[in-house]
Amino acid sequence: MLARLEAHVAEQQRFAANASHELRTPLAIAQTLLEVARKDPHHDTGELVERLHAMNTRAIDLTEALLLLSRTDRRSFTREPVDLSLTAEQAMETLLPLAEKSGITIETTGAKAPTTGSPALLQQLTTNLVHNAVVHNLPEQGTVWVTTSVHAGTVELTVENTGATLTPQLVATFVEPFQRGSERIRTDHAGVGLGLAIVASIAQAHDGTLTLTPRPGGGLRVTVQLPAAASRTAR
Ligand SMILES: Nc1ncnc2c1ncn2[C@@H]1O[C@H](COP(=O)(O)OP(=O)(O)OP(=O)(O)O)[C@@H](O)[C@H]1O
Ligand SMILES: [Mg+2]
């Protein structure tokens, strides 16, 4: 019990240190840009504004991800009926333009998958997974498969994608906060490495599980299992 508590405290401290470090980076870059501009009054302000804007956006994205994580961990949300096949459909619609730009095809299939939870958080979970499947895919001609299914007492969302060959050891690190894979294929995606930590936290807050498995031909298969909504007749 004490060992578990100590491990938890150590994990929290590591998380806080990583979060501070990640937040300091855009702030430090902004500071340098401002100092350079102050020393050179003829500096191109248009470029300065652009770069400061990019740094600021990154800091806001990171802060929002951190707030979302803490809200989810505290389980402070109301529960409503949610059909995962609809959240999957919505995630696909949101990410279709990005997928098309990257030459990636998204295929959605699946039955109604009714569960209970926060519609916004379950939408976030699904969107994060489909987003990952698009950005961490092959440089061209990649595919993403999104499937929903119902099993005894459980609903399942599976997001699978083509991509680089992954080892189980590497995949095991993906859920850790601020962990980014060693090789980045799409260099234009500078993620903060919180997407899967958020997915894990949302799944846990809904009494569900998250499983990551490398695909034999390369790429990843991610499965989220959640308790099925109790049917009216079962009451
Ligand atoms: N579907 C996937 N296929 C292949 N690799 C993946 C997939 N999803 C995640 N990864 C790997 O796991 C790492 C962590 O993913 P995570 O979503 O937590 O962070 P991220 O995508 O890098 O940044 P962001 O915070 O913007 O989501 C990624 O950097 C990537 O290397
Ligand atoms: Mg991500």
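Residues numbered from 1 in each chain as written. Chains lettered and ligands numbered in written order. Predicted model: local features only at pLDDT ≥ 70, side-chain atom pairs only at ≥ 80, totals over all residues. Heavy atoms only, no water.

## Concerning the overall build of the protein
Line of reasoning, step 1. Helix and strand content of the protein: six helices and seven strands.
Line of reasoning, step 2. For the protein, the α and β elements follow one another from N to C terminus as α-α-β-α-β-β-α-β-β-α-α-β-β.
Line of reasoning, step 3. Buried positions account for 38% of the 235 residues belonging to the protein.
Line of reasoning, step 4. The long-range share in the protein, meaning contacts at least 24 apart out of those at least 6 apart in sequence, stands at 74%.
Line of reasoning, step 5. Per element, the accessible surface of the protein, about 13,800 Å² overall, is 56% carbon and sulfur.
Line of reasoning, step 6. Here the protein contributes 20 positively and 24 negatively charged side chains, and the mean placements of these two sets differ by 6 Å. (Helix = DSSP H or I, 4+ residues; strand = E, 2+ residues; numbered from the N terminus. Buried < 20%, exposed > 50% of the residue type's maximum accessible area, 1.4 Å probe, protein only. Contact = heavy atoms within 4.5 Å. Areas by Shrake-Rupley, 256 points an atom, 1.4 Å probe, with all protein chains shown as cover. Lys, Arg positive; Asp, Glu negative; His and termini not counted. Charge placed at Lys NZ, Arg CZ, Asp CG, Glu CD.)

## Quick word on the domain arrangement of the protein
Line of reasoning, step 1. The domain boundaries assigned to the protein delineate domain 1 (2–73) and domain 2 (80–234).
Line of reasoning, step 2. Each of domain 1 and domain 2 was reduced to a C-alpha centroid, and the two centroids are 26 Å apart.
Line of reasoning, step 3. Each partner contributes to the interface: domain 1 provides 13 residues, whereas domain 2 provides 14 residues.
Line of reasoning, step 4. Both faces combined, the contact of domain 1 with domain 2 buries some 1,100 Å², and carbon together with sulfur accounts for 72% of it.
Line of reasoning, step 5. Between Arg180 and Glu22 there is a salt bridge, with its nearest N and O atoms 2.7 Å apart.
Line of reasoning, step 6. Counting every contact that joins domain 1 to domain 2 gives two residue pairs in polar contact (both at pLDDT 80 or more).
Line of reasoning, step 7. Elements that contribute at least two residues to the side of domain 1 that touches domain 2 include exactly helix H1 (2–39) and helix H2 (45–73).
Line of reasoning, step 8. No other element matches H2, which puts nine residues into the side of domain 1 that touches domain 2. (Domains from an automatic or database assignment. Buried area = accessible area lost by both parts, 1.4 Å probe. Salt bridge = Lys/Arg side-chain N within 4 Å of Asp/Glu carboxyl O. Polar contact = N/O pair within 3.5 Å; in protein donor to acceptor, adjacent residues only side chain to side chain.)

## Looking at the packing of helix H4 (residues 119–135) against helix H6 (residues 195–205)
Line of reasoning, step 1. Close contact between H4 and H6 brings their axes to 9 Å; oriented N to C, the two are set at 145°. As H4 packs across H6, the resulting crossing turns out to be left-handed. Side by side, H4 and H6 meet where Leu121, Leu122, Gln124, Leu125, Asn128, Leu129 and Asn132 of the first sit next to Gly195, Leu196, Ile198, Val199, Ile202 and Ala203 of the second.
Line of reasoning, step 2. When grouped by side-chain class, the residues that make up the contact of H4 with H6 number nine nonpolar, four polar and no charged. (Axes fitted to C-alpha atoms, helices over the stretch in contact; angles between N-to-C directions. Left-handed = near helix turned anticlockwise from the far one by under 90°. Nonpolar A, V, L, I, M, F, W, Y, C, P; charged D, E, K, R; others polar.)

## Regarding the site of ligand 1
Line of reasoning, step 1. Of all residues adjacent to ligand 1, which total 17 residues, the nearest are Asn132, His136, Asn161, Gly193 and Leu194.
Line of reasoning, step 2. Contacts to ligand 1 include Asn161, whose side-chain N or O atom sits 2.8 Å from a nitrogen atom.
Line of reasoning, step 3. Between Leu194 and ligand 1, the recorded distance is 2.8 Å, taken from a backbone N or O atom to an oxygen atom.
Line of reasoning, step 4. Isolated, ligand 1 exposes 600 Å² of accessible area, and the fraction of that covered by the protein chains is 92%.
Line of reasoning, step 5. Looking at the shell around ligand 1, the elements that each hand over two or more residues are H4 and H6.
Line of reasoning, step 6. In terms of residue class, the shell around ligand 1 is built from six nonpolar, nine polar and two charged. (Near = heavy atom within 4 Å.)

## Quick notes on the nonpolar core
Line of reasoning, step 1. One finds Leu129 and Leu194 to be the most contacted residues of the largest nonpolar core, which totals 47 residues.
Line of reasoning, step 2. For this core, the elements supplying multiple residues, two or more each, are H2, helix H3 (84–101), strand E2 (104–110), H4, strand E4 (142–151), strand E5 (154–161), H6 and strand E7 (220–227).
Line of reasoning, step 3. Two domains each provide a minimum of three residues to this core, namely domain 1 (2–73) and domain 2 (80–234).
Line of reasoning, step 4. In this structure Leu129 touches Leu157, Val159, Leu196, Val199, Val222 and Val224, once residues within four positions along its chain are discounted. (Core = buried A, V, L, I, M, F, W, Y, C linked by side-chain atoms within 4.5 Å.)

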